Amino acid sequence: MELMQRITEPVLGFEVDLFDFNEAMIFVHQHLKENKGLHIVTINPEMISLGNKNNEFGRILNEADLSIPDGVGIKLALRIKGIKQENIPGIEFSKKLISLCALEGYTIGLVGAKEEVVQQAAANLRKEFENLNITYIHNGYFDENQEETVKEEIKNLAPRVVFVALGAPKQEIFISQLKEQMRHTIFVGVGGSFDVWSGKVKRAPEIYQKLGLEWLYRAIKEPARFKRIFPALPLFLIRVIMETVHESWVKIR
């Protein structure tokens, strides 16, 4: 089987895949069937901004095998560049991947969040998806020495897909280090998804999801988030506009 080829567009130096939801899922499914590994990043403006400041994190983002546009910020950035792109919420994409694993018998692992949260998330997923085989579960509270033990456990059990919820950039660094030794494993950084799957945190109402404004709903619920989003998001879009104008000027010249 010939694997689908990626089509990407750079946003402030970082490639973003232009698949729609179904195409991205087909891309991952092909890799599952071919026993090939992937590092999937659900990229957003915060990650791009951090990647421009942190060289190691930036390198890891650029080495990702699939970088799906998660959030209205990336969607707007691509629209500024003349590209109409579907938003792919990482939490929905990951849930679809879990359902696929349950259906076709691929094993999964969960790493991250508090112990009670990850355990409840696993319990809820098992109830939701018949035959789901979760072979590894570990919370995200471990120091550097314990981290090596966690990595060894994951390598020994070798789940086919590992969902890592340590938050950026920690989860991407963790995945990058394991990826080199587990070339047949698919890794996905899922941020706060375990909190939602456990029932501890509710997703935004559907209207916010459809408009790509889940970030706004979360910010309303947790005002402290505004400090992270503003002025970061407007500045991010201004930088994209400036980059796009510069690129256009270079082409004209």
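It should be noted that the structure appears before, not after, this text.
Residues numbered from 1 in each chain as written. Predicted model: local features only at pLDDT ≥ 70, side-chain atom pairs only at ≥ 80, totals over all residues. Heavy atoms only, no water.

## Quick look at the overall build of the chain
Then comes step 1: Of the regular secondary structure elements, the chain holds 13 helices and 8 strands.
Then comes step 2: Expected size for 253 residues packed as a compact globule is a radius of gyration near 18 Å; at 18 Å, the chain falls within 12% of this value.
Then comes step 3: Dimensions of the chain, computed from C-alpha atoms along their principal axes, come out at roughly 55 × 45 × 35 Å.
Then comes step 4: Total accessible area computed for the chain in this model is approximately 13000 Å², and 52% of it derives from carbon and sulfur atoms.
Then comes step 5: Between the centroid of the 32 positive side chains of the chain and the centroid of its 33 negative side chains there is a distance of 5 Å. (Helix = DSSP H or I, 4+ residues; strand = E, 2+ residues; numbered from the N terminus. Rg over C-alpha atoms; globule rule 2.2 N^0.38 Å. Areas by Shrake-Rupley, 256 points an atom, 1.4 Å probe, with all protein chains shown as cover. Lys, Arg positive; Asp, Glu negative; His and termini not counted. Charge placed at Lys NZ, Arg CZ, Asp CG, Glu CD.)

## What about the pairing of strand 2 (residues 14-17)?
Then comes step 1: In this sheet, strand 2 lies alongside strand 1 (residues 8-11) in antiparallel orientation, the contact comprising 4 bridges. Looking at the pairing, Glu9 lines up with Val16 of strand 2.
Then comes step 2: Between strand 1 and strand 2, which pair antiparallel one after the other, the connecting turn spans 2 residues, and Leu12 there sits at a positive phi close to 50°. (Pairing = 2+ DSSP bridges.)

## Comments concerning the pattern of salt bridges
Proximity of charged atoms lets side chains of opposite charge pair with each other.
Then comes step 1: Considering all chains together, one arrives at 13 salt bridges under this definition.
Then comes step 2: Note that Glu92 is salt-bridged to Arg203, the shortest N-O span being 3.1 Å. Highlighted residues: Glu92 in helix 5 (residues 90-104) and Arg203 in the loop between helix 9 (193-198) and helix 10 (206-210), separated in sequence by 111 residues.
Then comes step 3: With relative accessibility at 28%, the residue Glu92 sits in the partly exposed group.
Then comes step 4: When its relative accessible area of 24% is taken as the criterion, Arg203 is described as partly exposed.
Then comes step 5: Across the pair Arg183 and Glu180 runs a salt bridge whose closest N-O atoms are separated by 3.1 Å.
Then comes step 6: Residue Arg183 is classed as exposed on the basis of its relative accessible area of 57%.
Then comes step 7: Owing to a relative accessible area of 45%, Glu180 belongs among the partly exposed residues under this scheme.
Then comes step 8: Sharing partners across several salt bridges, the network here consists of Glu9, Lys81, Glu243 and Glu247. (Salt bridge = Lys/Arg side-chain N within 4 Å of Asp/Glu carboxyl O. Buried < 20%, exposed > 50% of the residue type's maximum accessible area, 1.4 Å probe, protein only.)

## Here we look at the nonpolar core
Then comes step 1: The biggest cluster of nonpolar side chains holds 39 residues, and the ones touching the most others in it are Phe93, Leu97, Ile108, Leu110, Val161, Phe163 and Phe194.
Then comes step 2: Among the elements that take part in this core, helix 5 stands out by supplying 7 residues, more than any other.
Then comes step 3: If we ignore the near neighbours within four places in the chain, the residues touching Ile108 are Ile98, Cys101, Leu132, Asn133, Ile134, Thr135, Tyr136, Pro159, Val161 and Phe163.
Then comes step 4: Membership of the second largest hydrophobic core comes to 21 residues, among which are Leu78, Ile83, Ile229 and Leu233. (Core = buried A, V, L, I, M, F, W, Y, C linked by side-chain atoms within 4.5 Å. Contact = heavy atoms within 4.5 Å.)

## Concerning a nonpolar patch on the surface
Then comes step 1: A surface patch of nonpolar side chains, about 230 Å² in accessible area, is lined by Ile80, Ile241 and Val245.
Then comes step 2: Within the secondary structure, Ile241 is located in helix 13 (residues 232-252). (Patch = residues over 30% accessible without salt bridge, like charges linked within 9 Å, V, L, I, M, F, W, Y side chains within 5 Å.)

## Describing the sheet that holds strand 5 (residues 108-112)
Backbone-to-backbone hydrogen bonds join strands into a sheet, with any given pair of strands oriented parallel or antiparallel.
Then comes step 1: Pairing is parallel across the open sheet formed by 6 strands, whose spatial order is 4-3-8-7-5-6. At either end of the open sheet lies a strand with only one pairing partner, and these are strand 4 (66-69) and strand 6 (134-138). Across the sheet, the mean angle separating the axes of adjacent strands is 15° when strand polarity is ignored.
Then comes step 2: Here strand 3 (residues 38-43) pairs with strand 4 via 4 bridges, running parallel. Bridge pairing in strand 4 links Ile43 to Pro69.
Then comes step 3: Relative to strand 7 (residues 161-165), helix 5 is tilted by about 150°, and along the sheet it contacts strand 3, strand 4, strand 5, strand 7 and strand 8 (186-189). (Axes fitted to C-alpha atoms, helices over the stretch in contact; angles between N-to-C directions.)

## Quick notes on the packing of helix 7 (residues 144-157) against helix 8 (residues 170-179)
Then comes step 1: Contact geometry of helix 7 with helix 8 gives a least axis separation of 11 Å together with a crossing angle of 50°. Regarding the angle of helix 7 to helix 8, the classification is oblique. Judged by the sense of rotation from one axis to the other, the crossing of helix 7 with helix 8 is right-handed. For the pair formed by helix 7 and helix 8, the contact residues are Glu147, Val150, Lys151, Ile154 and Lys155 on the first element and Phe174, Gln177 and Leu178 on the second.
Then comes step 2: A per-class count over the contact of helix 7 with helix 8 returns 4 nonpolar, 1 polar and 3 charged. (Parallel < 35°, antiparallel > 145°, perpendicular 65-115°, else oblique. Left-handed = near helix turned anticlockwise from the far one by under 90°. Nonpolar A, V, L, I, M, F, W, Y, C, P; charged D, E, K, R; others polar.)

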